[in-house]
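An overview of the molecular structure
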Amino acid sequence: MTAESIRSKDLLGVETLDPDEIHLILDTAESMAEIGRREIKKVPALRGRMVVNLFFEASTRTRFSFETAEKWLSADSLNFAVKGTSVEKGESLLDTARNLEAMSPDFLVIRHSSPGVPHFLASRLKTRVINAGDGAHEHPTQALLDALTIRQRKGRFEGLRVAIVGDITHSRVVRSNIWCLTKLGANVTLCAPPTLMPAGIREMGVAATSDFAAALDGADVVMMLRVQIERGGGAGLPSAREYFTHYGLTRERLALARPDAIVMHPGPMNRGVEISSEVADDVERSVILSQVTNGVAVRMAVLYLLSGGSPESWGDGA
Ligand code: CP
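What comes next concerns the included structure. (Residues numbered from 1 in each chain as written. Predicted model: local features only at pLDDT ≥ 70, side-chain atom pairs only at ≥ 80, totals over all residues. Heavy atoms only, no water.)

1. Comments concerning the packing of aromatic side chains
Applying the stated rule across the entire model yields three aromatic pairs. Ring geometry for Phe212 versus Tyr247: centroids 6.1 Å apart, planes at 25 degrees, classification stacked. You can see Phe212 sitting in helix H7 (residues 212–216) and its partner Tyr247 sitting in helix H8 (residues 240–247), a full 35 residues away along the chain. One aromatic cluster is present, formed by Phe212, Tyr243 and Tyr247 through successive ring pairs. (Phe/Tyr/Trp six-rings, centres within 6.5 Å; stacked < 30°, edge-to-face > 60°. Helix = DSSP H or I, 4+ residues; strand = E, 2+ residues; numbered from the N terminus.)

Next comes the structure, spelled out in structure tokens:
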């Protein structure tokens, strides 16, 4: 049995979703994915609604897939990037958000480098807030699109062995994926050099190792993470070449996983650092571009469900 709606006003993280709510989002996204295969990619489900996309950090996939989701659902979008706004004159985050709220949007989609910013705004605004990535804390829609991709390829979560490899310390993707995959019944093993593995991470219900071969052994899913140089992920690593020698996913290393294991990466990729081009572009094993496609469906589902829509009636413009 799945939930019939999302309980919260906002989507701030996967931590606060229950498994029924996750299944509801995945089921709704699965049905909405069909919109992207139509010749005319437009349904009236969010006609008359307005979404502010408030990005204080760079983004390609998340920002443009939210925008695409909004367009396909017939919502109006306001796109905010710091350059050219009064943030450059020193206007505070809260004043910025309150002034945008004064224009009566229905949603605020926010990405920010500081953990907790979406929660801070959600508690002060009536507008629904969706977390598009807050520091190294959470990136809920990424984990949901990852889960949809895994479900499409593997058909289950229970007992699935997922290896997540790379810069664990600086990754919001890994935290949301740990919440999501463990709630759905998967077994998660994290792998990183000791300098990129945070203390206490096992308390989230996962295994953790610095032995790449051991992490890959028997894995059904291999999720590679970017070394986040801009957040300090390069500190303590001798060089990109040495990182690739020890923790780069090559075809030879992938052979240690199950023969039908899929390869994932949230992007953007550092080719030749955490993953070889040969693996990244392997159409049999890599599902990296399917993750991006599923991102639009998941973001449509989240916007639609948070607006109060019921899973069965989005095609009617409800
Ligand atoms: N996966 C992800 O968040 O990518 P972007 O930073 O390009 O949005």
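Alright, that's what it looks like, and here's the rest.
2. Observations regarding the pairing of strand E3 (residues 107–112)
Of all six residues in E3, six are buried, a share of seventy percent or more. Of the two faces of E3, the one lined by Phe107, Val109 and Arg111 and the one lined by Leu108, Ile110 and His112 are each fully buried. Here strand E1 (residues 50–55) pairs with E3 via five bridges, running parallel. Following the sheet pairing, Phe55 is matched in E3 by Arg111. Relative to strand E4 (residues 128–134), E3 is paired through five bridges, and the arrangement is parallel. (Buried < 20%, exposed > 50% of the residue type's maximum accessible area, 1.4 Å probe, protein only. Pairing = 2+ DSSP bridges.)

3. With respect to the site of the ligand
In the vicinity of the ligand, the contacting residues are Ser59, Thr60, Arg61, Thr62, Arg111, His139, Gln142, Pro266 and Gly267. Taking Thr60, its main chain carries an N or O atom lying 2.8 Å from an oxygen atom of the ligand. Within the side chain of Arg111, a nitrogen or oxygen atom sits 2.9 Å from an oxygen atom of the ligand. Here the ligand loses 92% of its free accessible area of 260 Å² to cover by the protein chains. In a pocket analysis with a 2 Å cut-off to the grid points, the ligand is assigned to the largest pocket. Here the shell around the ligand is built from residues that sort into one nonpolar, six polar and two charged. (Near = heavy atom within 4 Å. Polar contact = N/O pair within 3.5 Å; in protein donor to acceptor, adjacent residues only side chain to side chain. Areas by Shrake-Rupley, 256 points an atom, 1.4 Å probe, with all protein chains shown as cover. 1 Å grid on protein atoms, 1.4 Å probe; cavity = no way out; pocket = protein on both sides within 12 Å on 5 of 7 lines; lining within 4 Å. Sits in = over half its atoms within 2 Å of the grid points. Nonpolar A, V, L, I, M, F, W, Y, C, P; charged D, E, K, R; others polar.)

4. Quick look at the layout of surface pockets
Empty space within the largest pocket amounts to approximately 350 Å³. Together, 21 residues line the largest pocket, and Arg111, Arg172, Arg226, Gly267 and Pro268 are the ones closest to its centre. Sorting the residues of the lining of the largest pocket by element identifies helix H2 (61–72) and helix H6 (172–183) as the ones contributing at least two each. Space inside the second largest pocket adds up to approximately 150 Å³. For the second largest pocket, the lining is made up of 14 residues, of which Leu12, Gly13, Glu15, Thr16 and Leu17 are closest to its centre. Of the residues in the lining of the second largest pocket, the class split is four nonpolar, five polar and five charged. (Points joined across faces, edges and corners; volume = space filled by probe spheres on them.)

5. Thoughts on unusual backbone geometry
Geometrically, the link from Gly267 to Pro268 is a cis peptide bond, its omega value of -5 degrees lying close to zero. Tracing the backbone through its elements, the reader meets Pro268 in the loop between strand E9 (262–264) and helix H10 (277–280). Its identity is not glycine, yet Ser74 carries a phi of approximately 70 degrees, on the positive side. By secondary structure assignment, the location of Ser74 is in the loop between H2 and strand E2 (76–81). We note that Ser104 has phi near 65 degrees; this positive angle belongs to a residue other than glycine. In this structure, Ser104 sits in the loop between helix H3 (93–101) and E3.

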